[in-house]
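Descriptive analysis of the structure
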Amino acid sequence: MKLNMDMVMLPKLVKKLPKKDKKIFHRIFEVEVVVGRLKIPPTLKSFAKERFGSLKAVKKQTIVKVVNKVTFEGAFYNQLRALRTAKKQETQPPTFTEEKCMLCNPKNQTAEDVFGRIESAYTTTAANIAKYDGWHSLIIPRKHNPLKLSLKELLDGFKTAVQWFKRVNREDSRAVFPYLIWNCLWRAGASQNHSHFQVMMSRKPYPKPEYLRLCMERYRETYGSNYLQDLYHIHRVLGLGLTYGGVKVFVYLTPIKEKEVFMFTHNWNRNLPKVIHKVLEAYKSLNVYSFNLSMVFPPAKKVNGWDDFPYIVRIVDRGLLNQNVSDIGAMELYASSIIASNPFNIAERIKGFLASP
Ligand SMILES: [Zn+2]
């Protein structure tokens, strides 16, 4: 794959695929390329040139609109939009004064689950003080700075989460749907800087994973094929994905927002946290310090229709820490995601990190 691939070249790239891959691509995705034109008054020329580099690029803009016809996720790509922001990219990771925050002192400063805390080498647990589900708690690594979590600490955190799910299931055998999220720093919705993941366990699946499962089911009924395997396959042949230790990883063509990485596996072992750690290293190399991570687990016991459901992790960039403007607006909430980054570049970066020891 050439390094200078970009979304404008996607239709050509798809055309060159072998027939069977083309068929898979077209049953999942629809691509529309449109051109937006505009006139620039002389008084705006110097501003436009300075901000976007070239007047020509502004006067005639190509927008690549990708729709996932299976899930109805959409992404409209215009790389010109990456240049809109006036703020400079941070090139240094944020530093945190090692003030003693509440999560630095969980024993006295956080609530406890009714069954107590789960303690491990690098992690402890706490009940969320304002829950959004009956079972909703925190996995708290002892390390304050979330950007400095080592692979060991990450593994320990996820292992503790699994123990927490098991403990909850013992307490409430009908709670079988585990879910883990990580909102890293304020752009991603975190109210505390200190490293922490949130874990939930519910009796019914959450609506978005359930919707994905229904899409997978419908896909199997229509095409007799596994949706996630096909989705991965098509990203891999386009140069956007690879398999690492059994984990299928790809930079998603219809991301929820910038630089979204999608991964799934049927096996719970250290490879998944390892890939997550590498992806986050790649993120940091791109000056991404605030991100959301979602980890959907297969149910804790057999549930009809969920037999084939893997562990699914999605990670998304939430924008510059020094930027006041939100990265999402009405388009993302109600219509389609607007994307400025180039998934081919992100994929190359992630492949590089996964190839390093
Ligand atoms: Zn702290």
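What comes next concerns the included structure. Every chain is numbered independently, its residues counted from 1 as its sequence is written. Where local features are concerned, this predicted model is filtered to residues with pLDDT of at least 70; where side-chain atom pairs are given and counted, the filter is 80 or more; whole-chain, interface and lining totals use all residues. Side-chain metrics rest on all non-hydrogen atoms present in the structure, leaving aside hydrogens and water.

Some remarks on the overall build of the chain
- Only DSSP runs of H or I reaching four residues or more are called helices, and only runs of E reaching two or more are called strands; each is numbered from the N terminus. Along its length, the chain carries 11 helices and 13 strands.
- Each principal axis of the C-alpha distribution contributes one length, and for the chain these read about 65 × 55 × 40 Å.
- Split into buried and exposed, the 357 residues of the chain put 53% on the buried side.
- For this analysis, residues touch if any pair of their heavy atoms sits within 4.5 Å. Residue pairs at least 24 apart in sequence account for 70% of intrachain contacts in the chain once pairs closer than 6 positions are excluded.
- For the chain, the computed accessible surface area is about 18,000 Å², with 54% contributed by carbon and sulfur atoms. Each residue is placed in one exposure class: buried if its accessible area under a 1.4 Å probe, protein chains only, is under 20% of its type's maximum, exposed if it is over 50%, and partly exposed if it falls in between. Using a 1.4 Å probe, accessible areas were evaluated by the Shrake-Rupley method; residue-level cover was limited to the displayed protein chains.

Regarding the packing of aromatic side chains
- Pairing of aromatic side chains requires ring centres within 6.5 Å, counting the rings of Phe and Tyr and the six-membered ring of Trp. Pairs whose planes differ by under 30 degrees are stacked, by over 60 edge-to-face, and all others tilted. A full pass over the atoms with the stated rule returns 20 aromatic pairs.
- Ring plane angle 80° and centroid distance 4.9 Å describe the contact between tryptophan 182 and phenylalanine 291, whose orientation is recorded as edge-to-face. Linking tryptophan 182 in strand 6 (residues 177-184) with phenylalanine 291 in strand 11 (residues 291-296), this pair joins segments that are 109 residues apart in sequence.
- A residue is classified by how much of its surface remains accessible, and phenylalanine 291, at 4% relative accessible area, is buried.

Regarding the pairing of strand 12 (residues 311-317)
- For strand 12, a buried count of seven out of seven residues is recorded, marking the element as mostly surrounded by other parts of the structure.
- Neither face of strand 12 is exposed, since Tyr311, Val313, Ile315 and Asp317 on one face and Ile312, Arg314 and Val316 on the opposite face are all buried.
- Strand pairing is assigned whenever DSSP identifies at least 2 bridges connecting the two strands. With five bridges joining them, strand 10 (residues 261-265) and strand 12 adopt antiparallel strand pairing. Bridging across to strand 12, valine 261 finds its partner in isoleucine 315.
- Note: strand 11 against strand 12, six bridges, orientation antiparallel. By the bridge assignment for strand 12, asparagine 292 is matched with valine 316.

Some points on the nonpolar core
- Counting 92 residues, the largest nonpolar core has Trp164, Leu180, Tyr227, Met263, Ile276 and Ile315 as its most contacted members.
- Dropping the residues within four chain positions of it, tyrosine 227 is found in contact with Ile28, Asn68, Val70, Thr71, Leu212, Met216, Tyr219 and Tyr252.
- Counting six residues, the second largest nonpolar core, distinct from the first, contains Ile40, Phe52, Leu55 and Leu80. The nonpolar core is taken to be a set of buried Ala, Val, Leu, Ile, Met, Phe, Trp, Tyr and Cys residues, with the residues joined through side-chain atoms within 4.5 Å.

A short note on the coordination of the zinc ion
- Counted as donors are N, O and S atoms no farther than 2.8 Å from the metal, or 3.2 Å for Na, K and Ca; water is not among the atoms, and sites may therefore look incomplete. At 2.0 to 2.3 Å from the zinc ion lie its protein donor atoms, namely Cys101 (SG), Cys104 (SG), His144 (ND1) and His194 (ND1).
- Taken in sequence order, the residues that donate to the zinc ion follow the motif C-x2-C-x39-H-x49-H. Of this pair, cysteine 101 sits in the loop between strand 3 (74-77) and helix 5 (106-109) while histidine 194 sits in the loop between strand 6 and strand 7 (197-202), placing them 93 residues apart in sequence.
- Judged by relative accessible area, cysteine 101 falls into the buried class, the value being 14%.

What about the pairing of strand 10?
- Counted residue by residue, strand 10 has five buried out of five residues, so it is predominantly covered.
- Residue alternation in strand 10 divides its side chains into two sets, Val261, Met263 and Thr265 and Phe262 and Phe264, and both sets are buried.
- The pairing of strand 9 (residues 247-251) with strand 10 spans four bridges and is classified as antiparallel. Paired with lysine 248 across the two strands is phenylalanine 264, which belongs to strand 10.

With respect to the packing of helix 2 (residues 19-28) against helix 8 (residues 227-237)
- Close contact between helix 2 and helix 8 brings their axes to 10 Å; oriented N to C, the two are set at 120°. The way helix 2 lies across helix 8 gives a crossing that is left-handed. Residues Lys20, Asp21, Ile24, Phe25, Arg27 and Ile28 of helix 2 form the contact with helix 8, whose participating residues are Tyr227, Asp230, Leu231, His233, Ile234 and Val237.
- For this scheme, ten residues count as nonpolar: Ala, Val, Leu, Ile, Met, Phe, Trp, Tyr, Cys and Pro. Four count as charged, namely Asp, Glu, Lys and Arg, and the remainder, Gly too, count as polar. The residue inventory of the contact of helix 2 with helix 8, partitioned by class, reads seven nonpolar, one polar and four charged. Axis lines are fitted to C-alpha atoms, over the contacting stretch for helices. Their N-to-C directions set the angle, which ranges from 0 to 180 degrees. Two helices crossing with the near one rotated counterclockwise from the far one by less than a right angle form a left-handed crossing, whereas a clockwise rotation gives a right-handed crossing.

Let's talk about the pattern of salt bridges
- A pairing counts as a salt bridge when a side-chain nitrogen of Lys or Arg comes within 4 Å of a carboxyl oxygen of Asp or Glu. For the structure shown, the criterion picks out 20 salt bridges.
- A salt bridge links lysine 143 to glutamate 153; its shortest N-O distance comes to 3.1 Å. A residue pair is termed long-range when its members are at least 10 positions apart, and lysine 143 in the loop between strand 5 (135-141) and helix 6 (151-171) and glutamate 153 in helix 6 qualify at 10 residues.
- The exposure class of lysine 143 is partly exposed, given its relative accessible area of 30%.
- Arginine 167 is the partner of glutamate 171 in a salt bridge, and the nearest nitrogen-oxygen pair spans 2.8 Å. Remark: arginine 167 and glutamate 171 occur in helix 6; sequence separation between them is four residues, near one turn of the helix.
- According to the relative accessible area criterion, arginine 167 is partly exposed, its value standing at 22%.

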